[in-house]
Structures are given as structure tokens and as C-alpha cells.
Amino acid sequence: MPSVVWPCELALVLAVDVSGSVDQDEYRVQMDGLAFALRDSIVADALVDQKAAVTLIQWSGSSRQEQTVPWTRIASLGDVDALARAIADDPRKWRNYSTAIGEALGLSINSFAKGPECGRRVIDVSGDGVSNEGVEPHDMRAALRDGGVVVNALAIETDGADLTAYFYENVIEGEGAFVITANGFEDYPAQIKRKLQRETTKKLSMLTSGE
């Protein structure tokens, strides 16, 4: 049984890359960018309307993933602002380790069991490199399907390696899953806002369009 129960249409895990390829300024761009995106009127209204629950996971190399902002109930715009402040103030856990996307997905899946029962489960994973340690992300697909989890990704392109294609082929999962590209960390705030707008309002958009 989940330890926390409330009426909820969306459970959202924000999984943030803090591996060694991310310097301190880039970490700050991610946290401030997430806080900015959550306060966007479209995103904030969608979270409140869906009585969403949101948590944040910092992930790096194998065995170095942690849920650093607990499941947070979004019942008002004040709750959104409090969550944004908690994320902006969240201290970095690791600095000099590898990239274990599969294990980040594993912790994200496990976190749903300790959170609320919601109609939709979504993992929002962002990163600037391919997985190079631990379980391969595509090996998590059966567990994601079994849990009814959708994984969307934000590829932060920094070196011409076509991370967007890698995320399409290896990371995203579920009906309607998508990848959005940020052209470097300077583009992250705009693209994470765009991404959150799309995934938090997806259910409402489907109802409106009759899909």
C-alpha cells in the first residue's frame, strides 16, 4: 500500500543529471530552470487542476541516485511555489561520478510505490550524456510497462553526439513518450518549460482533441 494517498491525476518524477559532466554552474541552471518552469502559469495551473504529486531525484553513477525532494502535493499555486523554492534550494549530492540512466529510472519506478496513487505516472528525465554505467536504460522497459510509467526525456546536446537520437532509442517509454532537445545548458530553461507544459497538460489536451 502507498504510504501517502490523496486524489491525484498525475504523479511526476523530475530526474535531474548531476553526473561529472555537469559543472556547478550547469547544476544551478538546471535547478533554477526547473523552478522557473514550474512557476509558468500553464504548468502551475495544470498541476493544480490535476491535483498532481511531484518529486525530484538527483542521479549520477551506479548506486548514486537519491530522492532529494519528497513527494509534494500540489493543491494550490502556493504549493507550486513552495515546490519550486525547494528545488531551487536543493543542494547537490554528487559531483564527480558517471552516468547511470537505467538506475535513475529504477529509483524513479520504486518511488511511485512510496507516493500517491495517481491516474498517470510520468518520469521526466534530463541529461547531457549517454548511460555509461550500471543497468542499461532500455533494460528497464519491462518494469516501466508493468508499472504503467511513461518516460519523457530532455536531451541536453553539448558535443554533437546526437543524444536526442540515443534518448529516443534507449530511454523514452510508454504511450505518447517524447524527447525534447536543449541546445546546450543555456537553452535548458526554455526547453524544460516547454517540456513540462507538454507533459503536464497532455491529458487535458487529449480530452480536448478527442484523441
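Numbering of residues starts from 1 in every chain and runs along the sequence as written. Totals for whole chains, interfaces and linings use all residues, but because this is a predicted model, local features are given only for residues with pLDDT of at least 70 and pairs of side-chain atoms are given and counted only at 80 or more. As a rule here, side-chain values cover all heavy atoms of the structure and leave hydrogens and water aside.

### Overview of the overall build of the chain
Strands are runs of DSSP state E lasting at least 2 residues, helices are runs of H or I lasting at least 4, and numbering of each runs from the N terminus. Helix and strand counts for the chain come out as 8 helices and 6 strands. Taken against the 2.2 N^0.38 rule, which gives 17 Å for 211 residues, the C-alpha radius of gyration of the chain at 16 Å falls within 12% of a compact globule. Relative accessibility under 20% of the residue-type maximum defines a buried residue, over 50% an exposed one, and the middle range a partly exposed one, all with a 1.4 Å probe and only protein chains included. A burial count over the chain gives 53% of its 211 residues as buried. Pairs of residues are marked as contacts when any of their non-hydrogen atoms sit within 4.5 Å. Partitioning the contacts of the chain with sequence separation of at least 6, the portion at a separation of at least 24 is 81%. With C-alpha atoms as the basis for the radius of gyration, the globule rule is written as 2.2 Å multiplied by the number of residues raised to the power 0.38.

### A word on the packing of aromatic side chains
Here a Phe, Tyr or Trp ring, Trp counted by its six-membered ring, pairs with any other such ring whose centre lies within 6.5 Å, and the pair is stacked when the planes are under 30 degrees apart, edge-to-face when over 60, and tilted otherwise. Scanning the entire structure with this criterion turns up 2 aromatic pairs. With centroids separated by 6.0 Å and ring planes inclined at 50 degrees, the aromatic side chains of Y166 and F167 adopt a geometry described as tilted. Accessibility expressed as a relative area gives 15% for Y166, which makes it buried. Charge-over-ring placement is defined geometrically: NZ (Lys) or CZ (Arg) within 6 Å of the ring centre, and within 35 degrees of the ring normal. Positioned over the ring face of F178 is R198, at 3.9 Å from the centre of the ring.

### A word on the packing of helix α2 (residues 41-49) against helix α7 (residues 188-200)
Fitted lines through C-alpha atoms serve as axes, helices being fitted only where they are in contact, and the angles separating the N-to-C directions of these axes extend from 0 to 180 degrees. Their axes nearest at 9 Å, the elements α2 and α7 cross at an angle of 30 degrees. Judged by the angle between their axes, α2 and α7 are roughly parallel. Like other packed secondary-structure pairs, α2 and α7 cross with a definite hand, here left-handed. Note on element contacts: α7 touches α2 through K193, L196, Q197 and T200, opposite I42, V43, A46 and L47. Amino acids are sorted into nonpolar (Ala, Val, Leu, Ile, Met, Phe, Trp, Tyr, Cys and Pro), charged (Asp, Glu, Lys and Arg) and polar (every other residue, Gly among them). For the contact of α2 with α7, the class distribution of residues is 5 nonpolar, 2 polar and 1 charged. Should an angle lie under 35 degrees it is considered roughly parallel, over 145 roughly antiparallel, and from 65 to 115 roughly perpendicular; all remaining angles are considered oblique. If you view the pair so one helix is near and one far, a crossing is left-handed when the near helix is turned anticlockwise from the far one by less than a right angle, and right-handed when it is turned clockwise.

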